[in-house]
Structure formats: C-alpha cells, structure tokens
Amino acid sequence: MSLLDLSEQEILRRESLKEMQAMGIDPYPAAEYVVTDYSTNIKSEFSDDAPRKEVSVAGRIMSRRIMGKASFLELQDSKGRIQVYISRDDLCPDENKDMYNVVFKKLLDIGDFVGINGYVFRTQMGEISVHAAKMTVLGKSLRPLPIVKYKDGVAYDKFEDPELRYRQRYVDLLVNDGIKEKFLKRATIIRTLRSILDEAGYTEVETPILQSIAGGATARPFITHFNALDQDMYMRIATELYLKRLIVGGFEGVYEIGKNFRNEGMDRTHNPEFTCIELYVQYKDYNWMMNFTEKMLERICIAVNGKPEVKVGDNVISYKAPFPRVPILDAIKEKSGFDCEGKSEEEIREFCKSKGMDVDETMGRGKLIDELFGEFAEGSYIQPTFIIDYPVEMSPLTKMHRSKAGLTERFELMVNGKELANAYSELNDPLDQEQRFVDQMKLADKGDDEAMVIDQDFLRALQYGMPPTSGIGMGIDRLVMVMTGELAIQEVLLFPQMKPEKVQTKDPVSKYTALGIAEEWVPVIQKAGVLTVEQMKEVNPNKFQQDICGLNKKFNLGLSNPTKEEVAEWISKI
RNA sequence: GACUCAGUAGCUCAGCUGGUAGAGCAACAGACUCUUAAUCUGUGGGUCCAGGGUUCGAUCCCCUGCUGGGUCACCA
C-alpha cells in the first residue's frame, strides 16, 4: 500500500509508530500483560477510607484531556471505562520526561492500547480514577476511531450509519454504548436455553449442514459444489429430518442449535443465514410441547430481563405462562369474518380475491389458509399466543389431529405479530408420510417451487419405526429480538449479511512500467484517479502531467517531474 | 424485484435561483497540574459516491450505475 492511499491521520499514526520503534518501544509487545483489575470492580470496590489499592489495568485510550503536566484519559477495557490520571512527574520521576512528553502526548492516539500500573483514588470532581505510575504501550491503532461522546444520556457525534455499523461491527461495539451488552444478552439467552434442555435430559447433537436433499422445511436452498464427488450439494434449510432419524435411533430427546440457510430475501426480519434451535422428544405430543415452551420462554425472559416482561417497540410483552391457544381457523374467522371450515379450495380462493389478495392457481388449500392468516391475523398477536391445528395441506410432516378431521396437531407461536416457533406432534406413520411427500410433489408440479422433495432415506428410517414424538423449531435471532426489544434482525446478529464491498480494480505496476513509466510514479498516477492503463487513454496529457506533478509537490515525494512530451509518449504506447 | 429518500473532511452534519465548499468533534502546533462533550489561540485536511449529459460554468439540474435507509412485494 502506498502512502498516497492513506488519509493524513493514518499517515501520522504510522509515523508515530515508527518513531516509537526508533525510541526502542515495541508498539506490539509479545509478553503477557498481567491485569489485576477491571474498570467495573475498581469502581464498585472503592472506598474513600480504605488504604491505597495498587492495580494494573489495560485497555484502549478512548479520550484524552491534556493540561500541560497533567492529563486524564479514559481507558476502555472489556467491561467498561475507567479514568486514568497521569501526572508528568509521577510517570517520569527522573530527568527524562519522554514517556510523558513524547510517548503519551505525541505518539499515542485515541484507540491505542496501553497498560497502566498505579493506585486508585478519587479526583476533586469525585470520579474514581487510577493514578498512573507506569504506562506500557500494548498496541498501536493505525486508523482514527469515530469519537462518540455522551453527556447526560445525550450522545454527540454518534456513529450510526447502519452500513458502517454492520460492516465494521468491531467499531460499532467499541464506540457505541449498549451494543456489546446486547450480544451478552444474546449469549445469556442461548446459555439459558441450553441449560433448560440439558437439565431436562436431552442431548445436544450436530447434524450435516451440507446435504444432498435440503429437507424439513419449505424454502429455497443455497446450492454449493462438492469437488471430490463432483456433485452439487445444498446448505441445509432445517435440521428436522436428521434429528428425527436420531429419535428413530433411540435418543430420549435431541436438540441442535445451529445455522440454517435460506436463499430468500433480506430485510428487518430475515437474514439468509439464521440460527435455529430444533428439539425432538419421544413419547410427547404438541400439548406437552406447548407447556414446555411457555415455561422455557418465561424462564429465558427472567434470565435476560430479571422479570417475565420486556418492552418491544410500543408494546410490553409478557412471557408469563400459560399462553392462550387459538385454532388457526378460529383466528381467521375472528379477524376476517370468513369461516374456512368445510369450504373448498375454490371458495377460499374466491374469498381471497374478493379481498384483493394476490393469490393464484398454484396455491393449494393449505397455502391459501396460510395467506389468509398472514393477511388478517398474524400481525395482531402481540402477546405470546399459540396458533394451533393447521390444515394438513400446509403441514406435510405433522400427525393428523386426534379428533378434528382435515387438521393436524401443529402449533405456531406468535409473538409481537411474528412467528417465533413452529411445532408438531410429529408424523410417524411411514405410509402416510410417503403419501404426504407425494402430495407435495404434486404441488411442486403445479408450480410451488418451495414444495418438499421426497427424502427416501428419511422414509426408510420411519419404516424402522419412530416412537410418538413432539418436535419444535424456533428462530434464535427472532427469539433474541423479542427478548431484548430489538426491531431489526441486523441488530441481534454480529455480522448480518451485506452485499460485498466493491473493490476498485487497479492494474499491477508492471503494466505501467511496460509503458516506460518509472515504478515510483505508479502510485501517484493511481492517486490521480487513473487506476488502469486503459483509463490513461482517456486523459488529457497536459492536464494529467500537471495533476501528477502537483501530487508530487503536495506530498513532498521528491520525484523528478516528467515532461509533457514524456507523458504524451506513455499515452501513445498504450 | 418495485417505489422512495440519501451518499459532502476520520466522525456527525450545513451548503441560498447553478459561480469548484463550511461548522463541531477528531488531527497538527502552542498555553494550562484534579479534568470529564475540558477550555483557549493558531494551522492543515475534500475525486462533494461513480460515469455521462445540459451549461461559459455543476456538490446543486437531467440520465445511468453503485451503496445504504425506509415502504411494499417475495419469504411461515
């Protein structure tokens, strides 16, 4: 990288780095730096009456207030910030004041890592601080950090451009208050979930992500290629079919927490890769699963928020069990006034059309009912609600209802107007399952590109016999959203999917030297905006010559300027 | 994918009917021994997203593209 590619501030930081090295200070030392205390415990354990406490802390310099021979800096460690007081003569008790005057005041910058040895005290303004006796450079930062300041809860110069925040999450985590806490909460949610399932005696397992049949859900998969077999593979869209194979294999209960991949859109509630938990337990049914789920969510909410409620947008959501159970056809009837019970596919389609909904001939009865629910009911279930007893057409892996014809033992859990979980009494009749797959194929032939394909090995497993089983799948990212009150999935994913950053292509140096251009002029030419020799054809030779000579002068490069004739000759050779 | 809004200094943002740009913070030089959005004085810093077009002249107007936000569609 040429100096010309860097901003003024980046060049200065690199010069400071070199100067430090010239003074014998390693800006990136290898040795362990022993930390005795964190910002948080220093403040919580401080007592004005106690004897002086010596501490060793380390972190990033996040602000500096320099006043001649004394300075304050804010050090940010993994838990928070602590103020450090540096007095020149305490840091440098002998004649040589370089550590303060040169290293600290000139060569260190906001964003650099330092270790501080000293004692804890309270300043005249009342802030608990560390009085520095020794400072160790632990890491130099070469890029200036956005400076976000807070006073009385108001943020100044916020770093809030979503593109920059998501692409450079490390910066977001560093400078914005509360971001790291959000991800600590996410970790708490997953940890609590895992302990609940482990305590219940279920086994955490891992199943293939690369699959030759992407089954277990209706979604478009990502396709990838396996070179050794010269065969396309799919990224999984669900873990369901593999986990049920394990129930066939005799586990009491199995669960997997992992990523699924769906080749669909991206928006505030969808990311192409997202984390799911799926759980399958033998000898249970969907009623048991509802009871288990509502207790689990109540416990998770308390673990994260200290109480079974959380504010999401304008709503306060209560996870206090039990949650209401509403049959889907009742929900549609209540919200739309239309009773699907006993109606034919054609009658339902006509009703949808009369309401101006975008439906077509490829949609079967199940899909139409699903559309009706989405149109009229889904958004209105803010408080956790189990929507139960879905039509068989939209539930190819679900056991038929024990008493209601045409319906299945399935529930979806709605929270804040969105689906959070989906669960069934699992279909374990292998012949019925085969027929359901065949029906799905018919839907696929009709044009439904999300209908399921037949997984023969899964059918073979069912034919060996699967005990009655209840299973559930839950989106962890959405769970985190409704447990922390976030409205965008990007806010609960550390690295949400973004389009790749565009990199400008530059020609290699050799293509320029082939025209008789000296190597040291190449970065200058590229700085002038001519990134490829091809682009040089387009330029006005006189203006171009002035531009690059101007850059030579401006950046003090000390190169000998080419004449107009020489520049014209370069261009003529292209 | 459609519509819509936006892209200006490292960050947050101004910029008048079109005359090649400003502020605060950050940076640099200096003053200051308990400050805390430190303050004070001075200085430097820009491909105004990119490429075309209109014009004597474009950050500004028009077209195309790129990137992002919002809304809708798709997607349980």
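Residues numbered from 1 in each chain as written. Chains lettered and ligands numbered in written order. Predicted model: local features only at pLDDT ≥ 70, side-chain atom pairs only at ≥ 80, totals over all residues. Heavy atoms only, no water.

Caption draft 1: Highlighting the layout of surface pockets. Estimates place the volume of the second largest pocket at around 660 Å³. Considering the residues around the second largest pocket, the lining is formed by 30 residues, among which M62, Q76, R81, L174 and D177 are closest to the centre. Contributions of two or more residues to the lining of the second largest pocket are made by β1 (54-67), β2 (70-76), β6 (149-151), α6 (169-175) and α7 (179-199). When residues of the lining of the second largest pocket are assigned to their parent elements, the largest contribution, five residues, is made by β1. For the lining of the second largest pocket, the per-class residue count stands at 13 nonpolar, seven polar and 10 charged. (1 Å grid on protein atoms, 1.4 Å probe; cavity = no way out; pocket = protein on both sides within 12 Å on 5 of 7 lines; lining within 4 Å. Points joined across faces, edges and corners; volume = space filled by probe spheres on them. Helix = DSSP H or I, 4+ residues; strand = E, 2+ residues; numbered from the N terminus. Nonpolar A, V, L, I, M, F, W, Y, C, P; charged D, E, K, R; others polar.)

Caption draft 2: Main features of the sheet that holds strand β5 (residues 128-139). Here five strands make up a closed barrel; going around it, the order is β1-β2-β3-β5-β4 and the pairing mixed. Looking at each pair of strands side by side, their axes are set apart by 55 degrees on average, direction ignored. Two elements, strand β4 (residues 113-122) and β5, share 10 bridges in a ladder whose sense is antiparallel. Considered in β5, the bridge of V114 is made with V137. (Pairing = 2+ DSSP bridges. Axes fitted to C-alpha atoms, helices over the stretch in contact; angles between N-to-C directions.)

Caption draft 3: Region of the structure containing the protein's contact with RNA strand B. Lining the immediate environment of RNA strand B, one finds 52 residues, of which Q124, E264, R268, H270 and E419 sit closest. Sugar plus phosphate, as a fraction of atoms of RNA strand B within 4 Å of the protein: 59%. One of the side-chain nitrogen or oxygen atoms of E127 is found 2.6 Å away from a base nitrogen of RNA strand B. Breaking the surface near RNA strand B down by element, the ones donating at least two residues are α1 (8-22), β1, β2, β3 (81-87), β6, α5 (162-167), α12 (365-377) and β19 (418-425). Top contributing element to the surface near RNA strand B by residue count: β1, with four residues. (Near = heavy atom within 4 Å. Polar contact = N/O pair within 3.5 Å; in protein donor to acceptor, adjacent residues only side chain to side chain.)

Caption draft 4: Geometry of the environment of M23. Mapped onto the elements of the fold, M23 is located in the loop between α1 and α2 (39-45). C-alpha separation for the pair M23 and V102, spaced 79 residues apart in sequence, amounts to 9.9 Å. With sequence-adjacent residues up to four places away left out, M23 is seen in contact with D98, V102, V103 and L107. (Contact = heavy atoms within 4.5 Å.)

Caption draft 5: The arrangement of the sheet that holds strand β17 (residues 385-388) in detail. A sheet is described by the order of its strands in space; here eight strands give the open sequence β8-β12-β13-β20-β19-β18-β17-β16, paired in mixed fashion. Looking at the sheet topology across the chains shown, the edges are occupied by β8 (203-204) and β16 (325-327). Both strand β18 (residues 410-415) and β19 contribute to a ladder of six bridges, which runs antiparallel. Across the sheet, residue V415 finds its bridge partner in β19, namely K418. Contacting β16 and β17, helix α10 (residues 328-336) crosses the sheet at an angle of about 80 degrees to β16.

Caption draft 6: Here's a closer look at the packing of aromatic side chains. Using the criterion set out here, one finds 12 aromatic pairs in the structure. Taking the centre distance of 5.0 Å and the plane angle of 50 degrees together, the rings of F72 and Y85 count as tilted. One end of the pair, F72, is in strand β2; the other, Y85, is in strand β3, with 13 residues separating them in the sequence. When sorted by exposure, F72 lands in the same class as Y85, which is buried. An aromatic cluster of at least three residues, connected via ring pairs, comprises F72, Y85, Y119 and F121. The positively charged end of R52 is found above the aromatic ring belonging to Y119, 3.7 Å away from the centroid. Positioned above the aromatic ring of Y390 is the side chain of R410, whose terminal nitrogen or guanidinium carbon lies 4.6 Å from the ring centre. (Phe/Tyr/Trp six-rings, centres within 6.5 Å; stacked < 30°, edge-to-face > 60°. Buried < 20%, exposed > 50% of the residue type's maximum accessible area, 1.4 Å probe, protein only. Lys NZ or Arg CZ within 6 Å of the ring centre and 35° of its normal.)

Caption draft 7: Examining the side chain of D112 more closely. Mapped onto the elements of the fold, D112 is located in the loop between α4 (98-107) and β4. Residue classification places D112 among the buried positions, given a relative accessible area of 0%. In this structure the side chain of D112 is engaged in a polar contact, spanning 2.7 Å, whose partner is the backbone nitrogen of S141.

Caption draft 8: View of a nonpolar patch on the surface. A contiguous nonpolar patch, built from Y170, L494 and F495 and spanning about 340 Å² of accessible area, is present on the exposed surface. You can see F495 is positioned in the loop between α15 (476-484) and α16 (509-513). The exposure class of F495 is exposed, given its relative accessible area of 58%. (Patch = residues over 30% accessible without salt bridge, like charges linked within 9 Å, V, L, I, M, F, W, Y side chains within 5 Å. Areas by Shrake-Rupley, 256 points an atom, 1.4 Å probe, with all protein chains shown as cover. Salt bridge = Lys/Arg side-chain N within 4 Å of Asp/Glu carboxyl O.)

Caption draft 9: Up close: the pairing of β3. Among the seven residues in β3, six count as buried, and that is most of the element. Direction of pairing for β2 relative to β3: antiparallel, over a ladder of seven bridges. The residue bridging A70 from the neighbouring strand is S87, located in β3. Between β2 and β3, which pair antiparallel one after the other, the connecting turn spans four residues.

Caption draft 10: Spatial organisation of the confidence of the model for chain A. On average, residues of chain A score 87 in pLDDT, and 90% of them reach the 70 mark or higher. When the elements of chain A are averaged for pLDDT, helix α19 (residues 541-554) gives the smallest value, 64, and β8 the largest, 97. For this predicted complex, the interface score ipTM comes out at 0.82, while the overall pTM is 0.87. (pLDDT = per-residue confidence, 0-100.)

Caption draft 11: Main features of the pattern of salt bridges. According to the stated counting rule, one finds 37 salt bridges in the structure shown. Beyond isolated ion pairs, a larger network of salt bridges with shared partners links R165, R169, D172, K182, E486 and E491.

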